[in-house]
Amino acid sequence: QVQLVESGGGLVQPGGSLTLSCAAYTGIPVPMAWYRQAPGKQRELVAQITSGGTVTYIANSVKGRFTASRDKRDSAKTMIYLNMNNLKLEDTAVYYCNSPQTDGTTRWDWGPGTQVTVSS
């Protein structure tokens, strides 16, 4: 089991920006993804990034506003980031990282996530 540590969340006004970070000691590079779960809603995939750093998916709801990236300097420790700009009220959620599998599940148990609250 890999421990997932998300950070960088906070309270921001509409139109503001935040950058989220995720640390995972995976040992080897694996595909990673950002997910979010808003109150009363199911968890949804926000962005997916390959082990090589290519972003293969960005949700339509955040396209043009969010970008995902990963630090490739240390393959044993995976660091991924979610740069969020022009935040909207509907972006309020707990954001999580994990490694997606081809069957739609995730490789590891969920970490605590990081809360993003967009409010005026």
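For the structure, check the block above.
The model shown is predicted, which means the values in this text are computed figures rather than measured ones. (Residues numbered from 1 in each chain as written. Predicted model: local features only at pLDDT ≥ 70, side-chain atom pairs only at ≥ 80, totals over all residues. Heavy atoms only, no water.)

(A) Quick peek at the side chain of Thr 78. On the secondary structure map, Thr 78 appears in strand S8 (residues 78-84). Reaching out from Thr 78, the side chain makes a polar contact with the side chain of Thr 26 at a distance of 2.9 Å. Contact partners of Thr 78, with chain neighbours within four places excluded, come to Cys 22, Ala 23, Ala 24, Thr 26, Ile 28, Met 32 and Arg 70. (Helix = DSSP H or I, 4+ residues; strand = E, 2+ residues; numbered from the N terminus. Polar contact = N/O pair within 3.5 Å; in protein donor to acceptor, adjacent residues only side chain to side chain. Contact = heavy atoms within 4.5 Å.)

(B) How the structure looks around the state of the cysteines. With the rule as written, the count across this model stands at 1 disulfide. The residue that forms a disulfide with Cys 22 is Cys 97, at a sulfur-sulfur distance of 1.9 Å. Between Cys 22 and Cys 97, the disulfide has an S-S torsion of 65° and is therefore right-handed. With Cys 22 in strand S3 (residues 18-24) and Cys 97 in strand S9 (residues 93-98), this pair connects stretches of sequence that are 75 residues apart. (Disulfide = S-S within 2.5 Å.)

(C) Quick look at the sheet that holds strand S1 (residues 4-7). Read from one edge of the open sheet, 4 strands run S1-S3-S8-S7, paired in antiparallel fashion. Single-partner strands in this sheet number two, and they are S1 and strand S7 (66-71). Adjacent strand axes in the sheet meet at a mean angle of 15°, parallel and antiparallel pairs treated alike. In the sheet, S3 pairs with S8 via 7 bridges, with the strands oriented antiparallel. When the bridges of S8 are listed, Ser 21 appears paired with Tyr 81. (Pairing = 2+ DSSP bridges. Axes fitted to C-alpha atoms, helices over the stretch in contact; angles between N-to-C directions.)

(D) Molecular detail of the nonpolar core. Residues Met 32, Trp 34, Phe 66, Leu 82, Met 84 and Tyr 95 are the most contacted members of the largest nonpolar core, which totals 29 residues. Every element with two or more residues in this core is listed here: S3, strand S4 (32-37), strand S5 (44-49), S7, S8, S9 and strand S10 (114-118). Sorting elements by how many residues they give to this core places S3 first, with 4 residues. Ignoring any residue separated from it by four or fewer positions in sequence, one finds Met 84 in contact with Gly 16, Ser 17, Leu 18, Leu 20, Arg 65, Phe 66, Tyr 95 and Val 116. (Core = buried A, V, L, I, M, F, W, Y, C linked by side-chain atoms within 4.5 Å. Buried < 20%, exposed > 50% of the residue type's maximum accessible area, 1.4 Å probe, protein only.)

(E) Main features of the pattern of salt bridges. By the definition in use, this model includes 3 salt bridges. When the shortest N-O distance is used, the salt bridge between Arg 36 and Asp 91 registers 2.9 Å. Of this pair, Arg 36 sits in strand S4 while Asp 91 sits in the loop between S8 and S9, placing them 55 residues apart in sequence. The residues Arg 36 and Asp 91 share a single accessibility class, namely buried. (Salt bridge = Lys/Arg side-chain N within 4 Å of Asp/Glu carboxyl O.)

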